[in-house]
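Single-letter residue listing:
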Amino acid sequence: MIPITLSWFVCVYLALFLAGVLILWIGYEIIRKRHANIISRNRVFCRICSSRYTDGSTADLLRCPVCDSLNERSASGR
Ligand SMILES: [Zn+2]
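Residues numbered from 1 in each chain as written. Predicted model: local features only at pLDDT ≥ 70, side-chain atom pairs only at ≥ 80, totals over all residues.

Caption draft 1: Focus on the overall build of the protein. Of the regular secondary structure elements, the protein holds 1 helix and 4 strands. The order of helices and strands in the protein, counted from the N terminus, is α-β-β-β-β. The C-alpha atoms of the protein give 24 Å as radius of gyration, which overshoots the globular expectation for 78 residues (12 Å, by more than 25%). Here the protein holds 78 residues, and 3% of them are scored as buried. Residue pairs in contact within the protein that sit at least 24 positions apart in sequence constitute 27% of those at least 6 positions apart. (Helix = DSSP H or I, 4+ residues; strand = E, 2+ residues; numbered from the N terminus. Rg over C-alpha atoms; globule rule 2.2 N^0.38 Å. Buried ≥ 20, exposed ≤ 12 C-beta atoms within 10 Å, placed from the backbone. Contact = placed C-beta atoms within 7 Å.)

Caption draft 2: How the structure looks around unusual backbone geometry. Even without being glycine, Ser 50 reaches a positive phi, approximately 60 degrees. Residue placement: Ser 50 occurs in the loop between strand E1 (43–45) and strand E2 (52–54). Phi at Asp 68 takes a positive value of approximately 65 degrees, unusual for a residue other than glycine. Given 10 C-beta atoms within a 10 Å radius, Asp 68 is considered exposed.

Caption draft 3: Representation of the environment of Ala 36 within the structure. Secondary-structure assignment places Ala 36 in helix H1 (residues 6–42). Ala 36 sits in the exposed class, given 10 other C-beta atoms within 10 Å. Residues Ala 36 and Val 21, spaced 15 residues apart in sequence, show a C-alpha to C-alpha distance of 22 Å.

Caption draft 4: Layout of H1. Between its first and last C-alpha atoms H1 spans 54 Å; for 37 residues at 1.5 Å apiece the expected length is 54 Å, and the two agree. A small share of H1 lies buried, amounting to 0 of its 37 residues. (Expected span 1.5 Å × (residues − 1).)

This is how it looks when you write it as structure tokens:
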């Protein structure tokens, strides 16, 4: 068995706990950003009538349901 003092045990325990929290935080942040990109990609802004609508298809040119004009899908959803 490895001899370890109480102060070192607390330090190691705290470091492992904080490393676990940091890894979970980074993982959830990556998942959240990926989900936000998918949502913003589905949002389309019509430049003719200024309406916003969502479209789940993969086409690059989308028809506006209000004014029937074609709009290009942008990455930011604007
Ligand atoms: Zn429109």
